[in-house]
Amino acid sequence: DQQVKQNSPSLSVQEGRISILNCDYTNSMFDYFLWYKKYPAEGPTFLISISSIKDKNEDGRFTVFLNKSAKHLSLHIVPSQPGDSAVYFCAAKGLGAGSYQLTFGKGTKLSVIP
Amino acid sequence: DAGITQSPRHKVTETGTPVTLRCHQTENHRYMYWYRQDPGHGLRLIHYSYGVKDTDKGEVSDGYSVSRSKTEDFLLTLESATSSQTSVYFCAIFPGTGTIYFGEGSWLTVV
């Protein structure tokens, strides 16, 4: 049972345009959501997060939107740059016993075309 | 830099041999994790630790064991490596800020 789903394995975007990466979750107990970025041969690095009490969080070119009723979050990258080409993982953290664990999606490979 | 060191970074081993991967942290965080990353599966939790000698299973723990005898070290052991355990293994720590931080990874090939 996949609790965090990234349904698009890959995405290609022209440089300068907006990249939108999507993530859906099924567990209503998740209270904190994160995006990680991973380059080949490196470990995942934290990018941006959002608490379930908010619907938007912005950090420079990166914005995460959370729609709790739809159990959906998205990462917007504007403008997209070639250096943004990487695999992006959506992750969710739960309450209680699950509060120290992250559940990850399968990832979306973003390619930004110059 | 999250202060995490994984060793070895790359290893090739034969089926049936034992393998131990080491994760070392410099900041004495209580929570440590081992994940594996595979194409089409994302990052999956193998085992985690919430203190010295306190460990628990994750989503894909079969065939793996862990030990934590010191706060700074978390060891992942494959008792008898199989080809299905060829993967990239990431150690991670949780500093208590809501975010976990990953090491650089250990690439394991079982032939």
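Everything that follows concerns the structure shown earlier in this document.
Residues numbered from 1 in each chain as written. Chains lettered and ligands numbered in written order. Predicted model: local features only at pLDDT ≥ 70, side-chain atom pairs only at ≥ 80, totals over all residues. Heavy atoms only, no water.

## A few points about the overall build of chain B
Turning to step 1, where the next piece is worked out: The secondary structure content of chain B amounts to 0 helices and 11 strands.
Turning to step 2, where the next piece is worked out: Along chain B, helices and strands appear, N-terminal first, in the series β-β-β-β-β-β-β-β-β-β-β.
Turning to step 3, where the next piece is worked out: Taking 13 Å as the expected radius of gyration for a compact globule of 111 residues, we find that chain B reaches 13 Å, a close match to that expectation.
Turning to step 4, where the next piece is worked out: Seen through its C-alpha atoms, chain B measures out along the principal axes to roughly 40 × 30 × 25 Å.
Turning to step 5, where the next piece is worked out: Counting over 111 residues, chain B shows a buried share of 50%.
Turning to step 6, where the next piece is worked out: In chain B, of all internal contacts separated by at least 6 residues, the share reaching a separation of at least 24 is 53%.
Turning to step 7, where the next piece is worked out: Put simply, chain B has 10 plus and 12 minus side-chain charges, and the middle of one group is 2 Å from the middle of the other. (Helix = DSSP H or I, 4+ residues; strand = E, 2+ residues; numbered from the N terminus. Rg over C-alpha atoms; globule rule 2.2 N^0.38 Å. Buried < 20%, exposed > 50% of the residue type's maximum accessible area, 1.4 Å probe, protein only. Contact = heavy atoms within 4.5 Å. Lys, Arg positive; Asp, Glu negative; His and termini not counted. Charge placed at Lys NZ, Arg CZ, Asp CG, Glu CD.)

## Here's the deal with the nonpolar core
Residues and elements named next belong to chain A.
Turning to step 1, where the next piece is worked out: Within the largest apolar cluster, 23 residues are counted, with the highest numbers of intra-cluster contacts made by Phe-33, Trp-35, Leu-73, Leu-75 and Tyr-88.
Turning to step 2, where the next piece is worked out: Among the secondary structure elements, those contributing two or more residues to this core are strand 3 (19-25), strand 4 (30-38), strand 5 (45-51), strand 7 (62-67), strand 8 (72-77), strand 9 (86-94) and strand 11 (108-113).
Turning to step 3, where the next piece is worked out: Not counting the four nearest positions on each side in its chain, Leu-73 is found in contact with Leu-21, Asn-22, Cys-23, Tyr-25, Phe-33, Trp-35, Val-64, Phe-65, Leu-66 and Cys-90. (Core = buried A, V, L, I, M, F, W, Y, C linked by side-chain atoms within 4.5 Å.)

## Considerations on the state of the cysteines
Turning to step 1, where the next piece is worked out: One pass over the structure, following the stated rule, counts 2 disulfides over all chains.
Turning to step 2, where the next piece is worked out: Disulfide partner of Cys-23 of chain A: Cys-90 of chain A, at an S-S distance of 2.0 Å. Measuring the twist about the S-S bond at about -75°, one finds the Cys-23 of chain A-Cys-90 of chain A disulfide to be left-handed. Of this pair, Cys-23 of chain A sits in strand 3 while Cys-90 of chain A is found in strand 9, placing the two residues 67 residues apart along the sequence. In terms of burial, Cys-23 of chain A and Cys-90 of chain A fall into one category: buried.
Turning to step 3, where the next piece is worked out: Two residues share a disulfide in this structure: Cys-23 of chain B and Cys-91 of chain B, whose sulfurs sit 1.8 Å from each other. On the sign convention where negative is left-handed, the bridge of Cys-23 of chain B and Cys-91 of chain B, at about -70° about the S-S bond, is left-handed. One end of the pair, Cys-23 of chain B, is in strand 3 (residues 19-25); the other, Cys-91 of chain B, is in strand 9 (residues 87-94), and 68 residues separate them in sequence. No difference in accessibility class separates Cys-23 of chain B from Cys-91 of chain B, as the two residues are buried. (Disulfide = S-S within 2.5 Å.)

## A short note on the sheet that holds strand 7 of chain A
All names here are of chain A.
Turning to step 1, where the next piece is worked out: The strand order 1-3-8-7-6 describes an open sheet built from 5 strands, whose pairing is antiparallel. One side of each edge strand has no neighbouring strand; the edge strands of this open sheet are strand 1 (4-5) and strand 6 (56-59).
Turning to step 2, where the next piece is worked out: As judged from the 6 bridges shared by strand 7 and strand 8, these two strands associate in the antiparallel manner. Bridge pairing in strand 8 places Thr-63 opposite His-76. (Pairing = 2+ DSSP bridges.)

## Focus on the packing of aromatic side chains
Turning to step 1, where the next piece is worked out: The tally for this structure, following the rule as stated, stands at 17 aromatic pairs over all chains.
Turning to step 2, where the next piece is worked out: Here Tyr-33 of chain B and Tyr-48 of chain B contribute two aromatic rings whose centre-to-centre distance is 6.2 Å and whose plane-to-plane angle is 25°, an arrangement assigned as stacked. Within this pair, whereas Tyr-33 of chain B is found in strand 4 (residues 31-38), its partner Tyr-48 of chain B is found in strand 5 (residues 42-51), the two being separated by 15 residues in sequence.
Turning to step 3, where the next piece is worked out: Given the relative accessible area of 10%, Tyr-48 of chain B is considered buried.
Turning to step 4, where the next piece is worked out: The structure contains a cluster of three or more aromatic residues connected by ring pairs, namely Tyr-36, Phe-46, Phe-89 and Phe-104 of chain A together with Tyr-33, Tyr-35, Tyr-48, Tyr-50, Phe-90, Phe-102 and Trp-107 of chain B. (Phe/Tyr/Trp six-rings, centres within 6.5 Å; stacked < 30°, edge-to-face > 60°.)

## Digging into the interface of chain A and chain B
Turning to step 1, where the next piece is worked out: Contacts between the two partners involve 17 residues from chain A, matched on the other side by 22 residues from chain B.
Turning to step 2, where the next piece is worked out: When chain A packs against chain B, the two sides together hide about 1,600 Å² of surface, and 64% of this comes from carbon and sulfur.
Turning to step 3, where the next piece is worked out: Taken together, the connections running from chain A to chain B amount to 0 salt bridges.
Turning to step 4, where the next piece is worked out: Put simply, chain A and chain B have 4 residue pairs in polar contact (both at pLDDT 80 or more) between them.
Turning to step 5, where the next piece is worked out: Breaking the side of chain A that touches chain B down by element, the ones donating at least two residues are strand 4, strand 9 and strand 10 (102-104) of chain A.
Turning to step 6, where the next piece is worked out: The element that contributes the greatest number of residues to the side of chain A that touches chain B is strand 4 of chain A, accounting for 4 residues.
Turning to step 7, where the next piece is worked out: For the side of chain A that touches chain B, a count of residues per class yields 10 nonpolar, 3 polar and 4 charged. (Buried area = accessible area lost by both parts, 1.4 Å probe. Salt bridge = Lys/Arg side-chain N within 4 Å of Asp/Glu carboxyl O. Polar contact = N/O pair within 3.5 Å; in protein donor to acceptor, adjacent residues only side chain to side chain. Nonpolar A, V, L, I, M, F, W, Y, C, P; charged D, E, K, R; others polar.)

## Focus: the environment of Phe-104 of chain A
Turning to step 1, where the next piece is worked out: Within the element layout of this structure, Phe-104 of chain A appears in strand 10.
Turning to step 2, where the next piece is worked out: C-alpha of Phe-104 of chain A to C-alpha of Trp-35 of chain A: the two residues are 69 residues apart in sequence and 9.3 Å apart in space.

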